[in-house]
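Listed below, chain by chain, are the residues.
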Number of protein chains: 2
Amino acid sequence: MRKNTCLSLFLSLAMLVFMNACESPSGQNQPTSTAETQEAPEYAIVIHGGAGTITKANMTPEKEAAYNQALNEALDIGEEVLKNGGSALEAVEKTIMYLEDNPLFNAGKGAVLTNAETCELDASIMDGSDQNAGAVAGVKYVKNPIRAAIAVMKNSPHVMMAGTGADQFALEQGLDTVPNEYFYTERRLEAIRKAKAREEKTGMIGQRHDEKYGTVGCVALDKNGNLAAGTSTGGMTNKRWGRIGDSPIIGAGTYADNATCGVSCTGHGEYFIRYTVAADVAHRMAYLGESVEEAANFVINKKLVEKGGSGGLIAMDAKGNVAMPFNTEGMYRGYARPGERVVKIYGE
Amino acid sequence: MRKNTCLSLFLSLAMLVFMNACESPSGQNQPTSTAETQEAPEYAIVIHGGAGTITKANMTPEKEAAYNQALNEALDIGEEVLKNGGSALEAVEKTIMYLEDNPLFNAGKGAVLTNAETCELDASIMDGSDQNAGAVAGVKYVKNPIRAAIAVMKNSPHVMMAGTGADQFALEQGLDTVPNEYFYTERRLEAIRKAKAREEKTGMIGQRHDEKYGTVGCVALDKNGNLAAGTSTGGMTNKRWGRIGDSPIIGAGTYADNATCGVSCTGHGEYFIRYTVAADVAHRMAYLGESVEEAANFVINKKLVEKGGSGGLIAMDAKGNVAMPFNTEGMYRGYARPGERVVKIYGE
């Protein structure tokens with residue numbers, strides 16, 4: 001009985017492994033949002049600017065052009081670092097700083113507002129070469145939360161800091177601080193007032209499912225073959241009670257390990273925490289032998305879809321293979337490798 | 001070339017799967033800190049009260065008796081719930097409440113003090129039946145942080161709340177609140193003063209590696225076959241900057257999924273976050289076909305040891321198989337199944 005169970009387990013798992021390892025690259029199931037390379041490129045970078053109800057129908061040509069330009073400029077910045085031999089970590093830092101400073105995205109300037117009409121920002125970083133990591137949650141005054149996350153990783157014995165204490169640490173580290181109002185934009189002030197009016201009428205807290213998850217993220221591969229991943233966000237419109245989403249959670253919103261991949265997520269954060277999405281992609285690669293595209297695609301388009309969790313992610317392995325799956329209408333996204341540049345907004 | 005790679009990948013993975021599935025139960029590698037059952041018991045519960053430098057040499061008979069009594073009383077409480085048909089969730093709640101109220105443990109009353117000489121508490125819970133989860137970080141006034149974590153899971157759209165906002169939520173939920181001084185004990189006041197004096201002399205922040213990680217945790221299996229896991233802690237002595245450890249991080253300090261196992265960790269939290277320890281145990285079971293004891297033992301005694309991360313965990317699968325590995329000198333721990341009770345402190 002035991003032997004039979006073992007044998008059939010062995011056979012079914014072996015089949016699974018064989019199918020995973022050998023079929024997909026040329027098979028039917030290959031996701032369309034990916035790009036596979038055979039040889040590792042000199043460097044590679046992939047970014048996202050949030051997923052959600054992003055359709056041609058609710059976009060103006062001006063807005064579309066602005067997002068395309070911003071995504072290209074972000075990739076330019078990261079590519080410049082990598083081309084000149086900079087580290088993956090530095091490329092992620094500089095690229096995310098640009099996205100934080102750009103008011104188009106829900107991170108840094110342009111972040112959504114909390115119920116108290118403040119901006120409370122989250123960010124995290126992970127270095128794939130040694131799996132060191134850093135994160136801040138609920139910071140209000142550090143201009144670039146991604147830099148605070150990097151300072152936590154490099155200059156403290158900790159991985160995660162939150163609230164006033166995290167701002168205090170950033171200040172002690174000499175990082176630029178700004179008044180909280182620096183992060184405000186007219187558009188987000190309007191959004192919070194609408195959300196509050198809706199809450200008063202319907203009692204519904206937080207975002208609607210058809211709204212946008214405007215996190216930003218970046219995964220880079222440098223000339224030394226090291227991966228790094230980072231994520232930054234203003235979180236959810238109308239959040240309160242010090243709510244923390246997946247973005248500053250290592251294993252949920254961000255993960256990196258040279259042996260598997262770097263990942264940055266965007267979406268309904270609670271689901272990404274419960275299903276440890278970023279770590280799951282890496283673990284599926286490590287333990288099931290899936291490719292980065294198979295693992296990322298399974299987690300976003302099968303597991304999360306079944307559970308009702310909406311969003312997307314970017315992931316890249318140490319050979320520069322890129323996956324950008326999402327189960328929403330669109331996701332601001334793009335990647336660059338030497339001589340290659342892709343920027344996309346809508347589903348295909 | 002590609003075909004050869006596939007074939008050899010297939011063969012090595014198949015071997016691995018075969019070895020994992022068939023060899024260990026009777027093999028040499030079986031860890032000693034585990035207990036395997038063939039038939040699922042009616043219910044089961046496993047607890048820990050922290051890992052670290054816990055040796056006969058630095059223990060008095062009185063202290064040893066007090067810890068043994070406390071662990072037994074905690075198991076009594078959880079067993080009572082489960083025996084009477086209560087849910088795994090309720091058993092975890094009641095058991096951890098007892099450990100939080102008991103000043104012997106670093107959770108609730110008796111928590112370690114921060115650099116500011118306050119208590120800032122973290123807790124998390126996960127329900128294995130639907131993978132819903134809740135967590136609070138850095139709360140100062142809610143008497144039983146585990147109850148706040150459960151309220152976040154059940155009565156909010158969120159998974160994680162931090163700081164003042166989380167305390168505010170607990171208050172709105174009608175949970176008991178106390179002045180922060182309620183948590184203080186003479187022993188922890190002494191410890192923080194020693195830690196600060198040491199820091200002044202040596203510049204060293206935080207705990208020494210040879211100190212104790214006093215988190216508490218519980219995993220329960222109820223009569224309906226559902227698993228739940230919870231963790232509660234005061235964190236690290238002399239912590240500052242709003243440092244968050246692994247205890248409130250789903251996938252790091254706590255995880256539960258009926259399909260694999262429930263897990264609660266204790267140790268040097270930064271390592272448990274970076275290596276997503278709790279989720280890794282579950283993923284190794286799901287993807288590699290390892291047993292709960294093989295997975296838990298690998299992560300604690302191989303992966304973490306290689307990385308320099310000290311601590312331990314408790315884990316249980318839906319058949320009531322228990323693992324309690326640790327890579328420190330000791331771990332307060334125990335489990336109960338119908339007619340069976342084990343309570344241990346030191347290594348074997």
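Thresholds applied
Residues numbered from 1 in each chain as written. Chains lettered and ligands numbered in written order. Predicted model: local features only at pLDDT ≥ 70, side-chain atom pairs only at ≥ 80, totals over all residues. Heavy atoms only, no water. Axes fitted to C-alpha atoms, helices over the stretch in contact; angles between N-to-C directions. Helix = DSSP H or I, 4+ residues; strand = E, 2+ residues; numbered from the N terminus. Parallel < 35°, antiparallel > 145°, perpendicular 65-115°, else oblique. Left-handed = near helix turned anticlockwise from the far one by under 90°. Contact = heavy atoms within 4.5 Å. Nonpolar A, V, L, I, M, F, W, Y, C, P; charged D, E, K, R; others polar. Salt bridge = Lys/Arg side-chain N within 4 Å of Asp/Glu carboxyl O. Buried < 20%, exposed > 50% of the residue type's maximum accessible area, 1.4 Å probe, protein only. Polar contact = N/O pair within 3.5 Å; in protein donor to acceptor, adjacent residues only side chain to side chain. Phe/Tyr/Trp six-rings, centres within 6.5 Å; stacked < 30°, edge-to-face > 60°. Lys NZ or Arg CZ within 6 Å of the ring centre and 35° of its normal. Pairing = 2+ DSSP bridges.

Peer 1: Would you take a moment to explain the packing of helix α8 (residues 277-288) of chain A against helix α9 (residues 292-307) of chain A for this structure?
Peer 2: Packed helix pairs are specified by the crossing angle of their axes together with the interaxial distance, meaning the distance between the axes. Residue and element names in this part refer to chain A. Where α8 meets α9, the closest approach of the two axes is 8 Å, and the angle between their N-to-C directions is 135°. Taken together, the axes of α8 and α9 are oblique relative to one another. In this structure, α8 crosses over α9, and the sense of that crossing is right-handed. From α8, Val277, Asp280, Val281, Arg284 and Met285 reach across to α9, where they touch Val292, Ala295, Ala296, Phe298, Val299, Lys303 and Leu304. Here the residues of the contact of α8 with α9 sort into nine nonpolar, no polar and three charged.

Peer 1: Could you clarify how one ought to interpret the pattern of salt bridges in this entry?
Peer 2: In a structure, side chains of opposite charge can pair up when their charged atoms sit close to one another. As enumerated under the stated definition, the model contains 29 salt bridges over all chains in all. Taking the shortest distance from any N to any O, the salt bridge between glutamate 42 of chain A and lysine 223 of chain A comes out at 3.5 Å. You can see glutamate 42 of chain A sitting in the loop between β1 (34-35) and β2 (44-52) and its partner lysine 223 of chain A sitting in the loop between β6 (216-221) and β7 (227-233), a full 181 residues away along the chain. Given the relative accessible area of 38%, lysine 223 of chain A is considered partly exposed. Across the pair arginine 337 of chain B and glutamate 340 of chain B runs a salt bridge whose closest N-O atoms are separated by 2.9 Å.

Peer 1: Help me understand the side chain of serine 156 of chain A, please; the structure alone is not making it clear to me.
Peer 2: Residue and element names in this part refer to chain A. Mapped onto the elements of the fold, serine 156 is located in the loop between α4 (145-155) and β5 (160-162). Polar side-chain contacts of serine 156 include one of 2.8 Å to the backbone oxygen of valine 152. A distance of 2.9 Å separates a polar atom in the side chain of serine 156 from the backbone nitrogen of histidine 158. Ignoring sequence-local partners within four residues, the contact set of serine 156 consists of Ala151, Met161 and Phe169.

Peer 1: Can you help me understand the packing of aromatic side chains in this one?
Peer 2: The geometry of two aromatic rings is summed up by the distance between their centres and the angle between their planes. Across all of its chains, the model carries 10 aromatic pairs over all chains by this definition. Taking the centre distance of 6.3 Å and the plane angle of 85° together, the rings of phenylalanine 105 of chain A and tyrosine 332 of chain A count as edge-to-face. Of this pair, phenylalanine 105 of chain A sits in the loop between α3 (88-101) and β3 (121-127) while tyrosine 332 of chain A sits in strand β13 (residues 330-337), placing them 227 residues apart in sequence. Looking at phenylalanine 105 of chain A, the relative accessible area reads 0%, which means it is buried. Since its relative accessible area comes to 2%, tyrosine 332 of chain A is described here as buried. Ring centres of tryptophan 241 of chain A and phenylalanine 169 of chain B lie 5.0 Å apart, and the angle between their planes is 65°; this geometry places the pair in the edge-to-face category. Of this pair, tryptophan 241 of chain A sits in the loop between β7 and β8 (243-244) while phenylalanine 169 of chain B sits in helix α5 (residues 163-172), placing the two residues on different chains. Taking the ring centre of phenylalanine 298 of chain A as reference, the NZ or CZ of arginine 284 of chain A above it sits at 3.7 Å.

Peer 1: For this particular structure, what's the right way to read the sheet that holds strand β5 (residues 160-162) of chain B?
Peer 2: What holds strands together in a sheet is hydrogen bonding between their backbones, with the strands either parallel or antiparallel. A sheet is described by the order of its strands in space; here nine strands give the open sequence β8(A)-β5(B)-β4(B)-β3(B)-β7(B)-β6(B)-β2(B)-β13(B)-β14(B), paired in mixed fashion. The sheet is open, and its two edges are formed by β8 of chain A together with β14 (340-346) of chain B, each paired on a single side. Strand direction decides the pairing type here: β8 of chain A and β5 of chain B, joined by two bridges, are antiparallel. Bridge pairing in β5 of chain B links arginine 243 of chain A to methionine 161 of chain B. Where helix α3 (residues 88-101) of chain B meets the sheet, it contacts β2 (44-52), β3 (121-127), β6 (216-221) and β7 (227-233) of chain B, and its direction lies at approximately 155° from that of β6 of chain B. Packed on one face of the sheet, helix α4 (residues 145-155) of chain B meets β3, β4 (132-139), β5 and β7 of chain B and runs near 135° to β4 of chain B.

Peer 1: Got a minute to help me understand the environment of asparagine 72 of chain B in this structure?
Peer 2: Residues and elements named next belong to chain B. Note that asparagine 72 resides in helix α2 (residues 61-83). For the pair asparagine 72 and glutamate 293, spaced 221 residues apart in sequence, the C-alpha separation works out to 23 Å. Asparagine 72 has contacts with Arg341 and Val343, leaving out every residue within four places of it along the chain. Looking at asparagine 72, its side chain comes within polar contact range of the side chain of arginine 341, at 2.9 Å.

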